[in-house]
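# Coordinates in review
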Amino acid sequence: MAEIILKDVTKIYPNGFKALEDFSLKITDKEFLVLVGPSGCGKTTILRIIAGLEEASAGDVIIGDRRVNDVLPKDRNISMVFQNYALYPHMNVYENMAFSLKLRKIGKKEIQEKILNIAGILEIEDILYKKPATLSGGQKQRAALGRAIIREPDIFLFDEPLSNIDAKLRTQMRIELINLHKRLGTTFIYVTHDQTEAMTMGERIAVMKDGIIQQMDTPENIYKNPVNIFTAGFIGSPQMNFIKDSDKNIIMGVRPEKLKISSVEPEESSLSLDQCYVEAVELIGSEKLIYFDCNGLKLISKVPEDIQTIKGNSYKLYCLKKDIHYFDGEKGEKLYYEKI
Ligand SMILES: Nc1ncnc2c1ncn2[C@@H]1O[C@H](COP(=O)(O)OP(=O)(O)OP(=O)(O)O)[C@@H](O)[C@H]1O
């Protein structure tokens, strides 16, 4: 059982910087949770506290049914995969994978069986006898995963493990990690600042800012129902459009795919903008991004690829009332219909 609970955790670094204050988080056993947020918001600090590499200044860290604040990292049964892979450079991949098992005095034959089994899963049989320096980014990543898996931990912690590999391989590795999670049936906590990674991988996402969780929910719920302007702007690519209504002191948010182009305004529309000039058009496969300038307000519309617009021409944009998110003009919190 690898449920993880952080309860009122505060982290003050030796230089006095408070990275977390009264931070609480519950991660369900076998869950795939993604912690996402901008650089410096405290994601790595949380992973390191769970792993035992940093000590919580206050609060409880509970794994399963025991408080582990005073348990050494090696006794927490956690594997961590880092951005820089952290493979031992003087050992080949086989030796890297065997290392933790040798420490546990597991026999040579059993070690070999385990390594070959995992090498098969990760398709790294052909690089087992190579040193890390001779491997590509993707191969190093797999080797690091192999080393993490072989320990059969209750919990995997991933700290931006895909940020050093190219876009195509990253997409493939995302799928492999999702499948690995299903196959292993262990708890995964995955840190990233990349919202696409968070959206595609997490069963739940915790969106963080300045050491505080802004929203924690399924990717779909966060996308459809962001609780504040930060989450609305952080999750979704391209970003949600924001339109300020100074009279009412509100900000309206419209997802690019909900901002339509039309010559006639439909009856149910509640927001329409005239004289929006096309500044640029970007084809992204079956869809297009159209960048508009509406009297200084920059807006992006995502439309099917066959919609024709001409750069420099002006169009009318509209959005249905049901597709508008309303936020408080100052605090940025979501406003519900009744309050407007
Ligand atoms: N050892 C340290 N001493 C002092 N401050 C630190 C230390 N480690 C991290 N911090 C600070 O704590 C805050 C959170 O850092 P952390 O590395 O957890 O953020 P992060 O969200 O993982 O960022 P990134 O995505 O850039 O890795 C940052 O402001 C950082 O500068």
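Look up: the structure comes first, before these words.
Residues numbered from 1 in each chain as written. Predicted model: local features only at pLDDT ≥ 70, side-chain atom pairs only at ≥ 80, totals over all residues.

## Some points on the overall build of the chain
Rules: Only DSSP runs of H or I reaching four residues or more are called helices, and only runs of E reaching two or more are called strands; each is numbered from the N terminus. It is the C-beta atoms, placed from the backbone, that decide contacts: two residues are in contact if theirs lie within 7 Å.
The secondary structure content of the chain amounts to 8 helices and 19 strands. In terms of its C-alpha atoms, the chain occupies a principal-axis envelope of roughly 75 × 45 × 35 Å. Of all intrachain contacts in the chain linking residues separated by at least 6 positions in sequence, the fraction that spans at least 24 positions is 62%.

## Examining the pairing of strand β11 (residues 241-245)
Quick reminder of the rule: A pair of strands is labelled paired if DSSP reports no fewer than 2 bridges between them.
Direction of pairing for β11 relative to strand β12 (residues 250-254): antiparallel, over a ladder of 5 bridges. Bridged to F242 within β12 is G253. In sequence, β11 turns back onto β12 through a hairpin of 4 residues, with N249 there showing a positive phi of about 55°.

## Remarks on the packing of helix α2 (residues 93-103) against helix α4 (residues 137-149)
Filter applied, for reference: Where helices are involved, their axes are fitted lines through C-alpha atoms of the stretch in contact, as for all axes, and angles between N-to-C directions lie from 0 to 180°. By the definition adopted for this analysis, an angle is roughly parallel if under 35 degrees, roughly antiparallel if over 145, roughly perpendicular if from 65 to 115, and oblique otherwise. Whether a crossing is left-handed or right-handed is set by the direction in which the near helix is turned from the far one by less than a right angle, anticlockwise for left-handed and clockwise for right-handed. Residue polarity is assigned by list, with Asp, Glu, Lys and Arg as charged and Ala, Val, Leu, Ile, Met, Phe, Trp, Tyr, Cys and Pro as nonpolar; anything else, Gly included, falls into the polar class.
It is at 8 Å that the axes of α2 and α4 come closest, and there the two elements cross at 25°. One element, α2, and the other, α4, form an angle in the roughly parallel class. Note that α2 runs across α4; the crossing there is right-handed. Contact residues: α2 offers V93, N96 and M97, while α4 offers A143, G146 and R147. Counted by class, the contact of α2 with α4 contains 3 nonpolar, 2 polar and 1 charged residues.

## Remarks on the nonpolar core
As a reminder of what qualifies: The nonpolar core criterion groups buried Ala, Val, Leu, Ile, Met, Phe, Trp, Tyr and Cys residues into a set whenever they are joined through C-beta atoms within 7 Å. For every residue, the other C-beta atoms within 10 Å of its own C-beta are counted; 20 or more classify it as buried, 12 or fewer as exposed, and values in between as partly exposed. C-beta atoms are placed from the backbone. Each domain's limits were defined by an automated method or a database of domain assignments.
One finds V34, L35, I50, L157, I189 and V207 to be the most contacted residues of the largest nonpolar core, which totals 75 residues. Residue assignment places this core across two domains, with domain 1 (4-231) and domain 2 (239-339) each supplying three or more. Once you skip the residues sitting within four places of it in the chain, L157 turns out to touch L47, I50, A51, I78, M80 and I189.

## So, the environment of N92
Counting through the fold element by element, N92 comes out in the loop between β6 (78-81) and α2. Between the alpha carbons of N92 and A133 there is a distance of 9.3 Å; along the sequence they are 41 residues apart. Sequence-distant contacts of N92, defined by excluding residues within four places in its chain, comprise L128, Y129, K130 and K131.

## Regarding the site of the ligand
Selection criterion: All residues are tested the same way: a C-beta atom is placed from the backbone, and lying within 6 Å of a molecule or strand makes the residue near it.
Not every one of the 13 residues close to the ligand is listed here, only the nearest: Y13, A19, S39, T44 and T45. Among the elements that line the shell around the ligand, the one with the most residues is helix α1 (residues 43-51), at 3 residues. For the shell around the ligand, the per-class residue count stands at 4 nonpolar, 8 polar and 1 charged.

## A word on the sheet that holds strand β18 (residues 325-328)
Overall, antiparallel pairing links the 4 strands, which are arranged β11-β12-β18-β19 in an open sheet. One side of each edge strand has no neighbouring strand; the edge strands of this open sheet are β11 and β19 (334-335). Across 4 bridges, β12 lies against β18 in antiparallel orientation. Counterpart to I250 in the pairing with β18 is D328.

## A look at helix α3 (residues 108-122)
Threshold: One fewer than the residue count of a helix, multiplied by 1.5 Å, yields its expected span.
Look at α3: 21 Å from first C-alpha to last across 15 residues, which is about the 21 Å you get at 1.5 Å a residue. Count one or two residues on from α3 and you reach E123, which has phi positive near 55°.

## Overview of unusual backbone geometry
Of note, the bond from S237 into P238 is cis; its omega dihedral lies within 30 degrees of zero at -5°. Mapped onto the secondary structure, P238 falls in the loop between α8 (229-234) and β11. Here E123, not a glycine, exhibits a phi torsion of approximately 55°, which is positive. You can see E123 is positioned in the loop between α3 and α4. What makes E123 exposed here is the crowd of 11 C-beta atoms within 10 Å.

## Observations regarding the sheet that holds strand β9 (residues 204-209)
In spatial order, the strands read β6-β7-β8-β3-β9-β10; together these 6 strands make up an open sheet with mixed pairing. Two strands lie at the open edges of the sheet, namely β6 and β10 (212-217), each paired on one side alone. Adjacent strand axes in the sheet meet at a mean angle of 15°, parallel and antiparallel pairs treated alike. Two strands pair when backbone bridges link them, and β9 and β10 are joined in this way by 5 bridges, in the antiparallel orientation. Along β10, the bridge assignment pairs M208 with I213.

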